[in-house]
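What follows is the residue order along each chain.
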Amino acid sequence: MSRINLTVDGVRYDDDVDPRTLLVHHLRERLGKVGTVVGCDTTNCGACTVLMDGQGVKSCTVLAAQADGRTIDTIEGLAGEDGTLHPVQQAFHERHALQCGYCTPGMIMAAVDLLSENPDPTEDEVREGLEGNLCRCTGYQNIVGAVRDAAATMRAEVPAPRESTTETVEGTAPTTTGEVAR
């Protein structure tokens, strides 16, 4: 057994794991994070996608011991504490971007990863960004639309930079454009 500690959805866990245990099985069987789905166990489908230190990984290819000291975000931790859906979850709901729902947790987590790297993706960039996640039901059109809608929502939530400010940095003259004259 190996002793690991990891933070999953904001909660720290210390646990003993068999060195051969996959992260997806640890999340589901030991921590009860059953939203992380086991689809293929071969990295082909992406249903098990989670964020590890903010990067999307297929948890069926990561050993739990490899996640030692890492932060893992799962679909269960994506919504706000008050139950407010993450913009990607909300967009999937509004766009009917799911049918059977089996791929949805991994697809949403992959979309969150994509949008963290590219906040304004084109349709082609969304399709390329999600190419490691399979959906056998939807035909992808609503998924792509949902990701683009979520991107727009997330961009709108980011406060816009102030257009005109007066800023003084020690040893400089104030300006009215937000830039500092040196």
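Along each chain, residues carry numbers from 1 onward, in the same order as the chain's sequence is written. In view of the model being predicted, local features appear only for residues whose pLDDT reaches at least 70, and side-chain atom pairs are presented and counted only at 80 or more, with totals across whole chains, interfaces and linings using the full set of residues. The side-chain figures draw on all heavy atoms in the structure; neither hydrogens nor water molecules are used.

Peer 1: How would you explain the overall build of the protein chain if you had to name every residue and give the values?
Peer 2: What the protein chain contains, in helices and strands, is 5 helices and 5 strands. Ordered by position in the sequence, the α and β elements of the protein chain form the string β-β-α-β-β-β-α-α-α-α. Put simply, the protein chain has 182 residues, and 38% of those count as buried. Put simply, of all contacts in the protein chain between residues at least 6 apart along the chain, 52% involve residues at least 24 apart. Each helix is a run of H or I in the DSSP string that is no shorter than four residues. Each strand is a run of E no shorter than two, and both are numbered from the N terminus. Categorising residues by exposure relies on relative accessible area from a 1.4 Å probe, with only protein chains included: less than 20% of the type maximum marks a residue as buried, more than 50% marks it as exposed, and the intermediate range marks it as partly exposed. Contacts are assigned to residue pairs that have any heavy atoms within 4.5 Å of one another.

Peer 1: Pulling in residues and values, what's your account of unusual backbone geometry?
Peer 2: For residues other than glycine, phi is negative in most cases, and the peptide bonds are mostly trans. Positive phi, close to 50°, is recorded for Asp 9, a residue that is not glycine. One can find Asp 9 in the loop between strand 1 (2-8) and strand 2 (11-17).

Peer 1: I'd like a description of the pattern of salt bridges, backed by residues and values.
Peer 2: We define a salt bridge as a side-chain nitrogen of Lys or Arg found within 4 Å of a carboxyl oxygen belonging to Asp or Glu. Scanning the model with the defined rule gives 9 salt bridges in all. For Arg 155, the salt bridge goes to Asp 120, with nearest N and O atoms at 3.1 Å. Of this pair, Arg 155 sits in helix 5 (residues 141-157) while Asp 120 sits in the loop between helix 3 (104-117) and helix 4 (123-129), placing them 35 residues apart in sequence. Exposure remark for Asp 120: the relative accessible area of 46% places this residue in the partly exposed category.

Peer 1: Residues and numbers for the nonpolar core, please.
Peer 2: Residues belong to a common nonpolar core when they are buried Ala, Val, Leu, Ile, Met, Phe, Trp, Tyr or Cys residues joined through side-chain atoms within 4.5 Å. By size, the foremost hydrophobic cluster in this structure holds 25 residues, and its most contacted members are Val 88, Phe 92, Met 107, Ile 108, Leu 130, Ile 143 and Val 147. For this core, the secondary structure elements donating two or more residues are helix 2 (87-95), helix 3 and helix 5. If you tally residues by element for this core, the top one is helix 3, at 8 residues. Ile 4, Met 52, Val 57 and Val 62 belong to the second-largest nonpolar core, a separate cluster that totals 14 residues.

Peer 1: I'd like a description of the side chain of Asp 113, backed by residues and values.
Peer 2: Relative to the helices and strands, Asp 113 is located in helix 3. When charges are tallied, Lys and Arg are placed among the positive residues and Asp and Glu among the negative ones, while His and the ends of the chain are skipped. Look at Asp 113: it is buried, it has no salt bridge, and the nearest opposite charge is Lys 58 at 11 Å. Pairs of N or O atoms are called polar contacts if they sit within 3.5 Å, as long as, within protein, a hydrogen donor faces a hydrogen acceptor (for residues adjacent in sequence, only side-chain-to-side-chain pairs). From its side chain, Asp 113 meets the backbone nitrogen of Gly 56 in a polar contact 3.3 Å long. Ignoring anything within four residues of it in the chain, the contact list for Asp 113 reads Leu 51, Gly 54, Gln 55 and Gly 56.

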